[in-house]
Amino acid sequence: KQWYQRRVRGQEQEGQFHLEQARIRSEIRIKDSRENPIDLIAYYIYNADNTAVEIMGEPLSVVDNLGLDDLEDLQADIRVYMDLDKNQTEKIFWTDLEIVCKEQIRLVNARMKVDQNPRNSINAAVNGDVANIFKGKTSSQLEDMHKGIQEKLKKQGPIDVSYWENVATQVRDLF
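So, how was this worked out
Residues numbered from 1 in each chain as written. Predicted model: local features only at pLDDT ≥ 70, side-chain atom pairs only at ≥ 80, totals over all residues. Heavy atoms only, no water. 1 Å grid on protein atoms, 1.4 Å probe; cavity = no way out; pocket = protein on both sides within 12 Å on 5 of 7 lines; lining within 4 Å. Points joined across faces, edges and corners; volume = space filled by probe spheres on them. Helix = DSSP H or I, 4+ residues; strand = E, 2+ residues; numbered from the N terminus. Nonpolar A, V, L, I, M, F, W, Y, C, P; charged D, E, K, R; others polar. Contact = heavy atoms within 4.5 Å. Salt bridge = Lys/Arg side-chain N within 4 Å of Asp/Glu carboxyl O. Buried < 20%, exposed > 50% of the residue type's maximum accessible area, 1.4 Å probe, protein only.

Engineer: Run through empty space enclosed by the protein, naming residues and quoting values.
Structural biologist: Taken as a whole and judged by the stated rule, the model has 1 cavity of 30 Å³ or more. If you add up the space inside the largest cavity, you get close to 30 Å³. Elements represented by at least two residues in the lining of the largest cavity include exactly helix H1 (2-31) and helix H2 (37-46). Of the residues contributing to the lining of the largest cavity, the split by class is 3 nonpolar, 2 polar and 2 charged.

Below you can see the structure in the form of structure tokens.
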């Protein structure tokens, strides 16, 4: 029994050591201006002071403008911190951040799918306006929008079919 308890304590200490090393590596990369998204987020959570906010702003702003590869790397890094960090409050933060990261990956994939659609004939400026319409909508609201667009497409009348098909595809990919 004592052997088992020593082994568990040793594993906990090893995890804390790896977490501390990850924090130190992040701080060094930030000081050298070669930070990764995870470095900024880790700095924010472990140095919750005004300096952290000045360096990066809100932690979720880091996730907003990342490409797919960076988001996938960030998700893997978040999982490392989730495994190593034993503080319950911080564990909740990492779990929530992983959910945000997964959602952002889903949105980027949906956008890429729409962008690769050969029937996508909407002007880029209009496409951006269309994407803004979907922001902040719940899945049920998006589903209702999709149904309404499908009804519009079924009706006979003067509409831009390729535009509305594209909008329907974008909405469908989001819910």
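Engineer: So, the side chain of Gln75: which residues are in play, and what are the values?
Structural biologist: With respect to the helices and strands, Gln75 occurs in helix H5 (residues 68-84). Apart from residues lying up to four places away in sequence, Gln75 is in contact with Glu98, Cys101, Lys102 and Ile105.

Engineer: Can you break down the pattern of salt bridges residue by residue, with the values?
Structural biologist: Counted according to the given criterion, the structure contains 5 salt bridges. Between Glu20 and Arg23 there is a salt bridge; the shortest N-O distance is 3.5 Å. A residue pair is termed a helical-turn pair when its members lie 3 or 4 positions apart in one helix, as Glu20 and Arg23 do in helix H1 at 3 residues. On the accessibility criterion, Glu20 (36% relative accessible area) is partly exposed. A salt bridge links Arg106 to Glu103; the shortest N-O distance between them is 2.6 Å. Of this pair, Arg106 and Glu103 are both found in helix H6 (residues 88-115), 3 residues apart, which corresponds to roughly one turn of the helix. In this structure Glu103 comes out as partly exposed when scored by relative accessible area, which is 34%.

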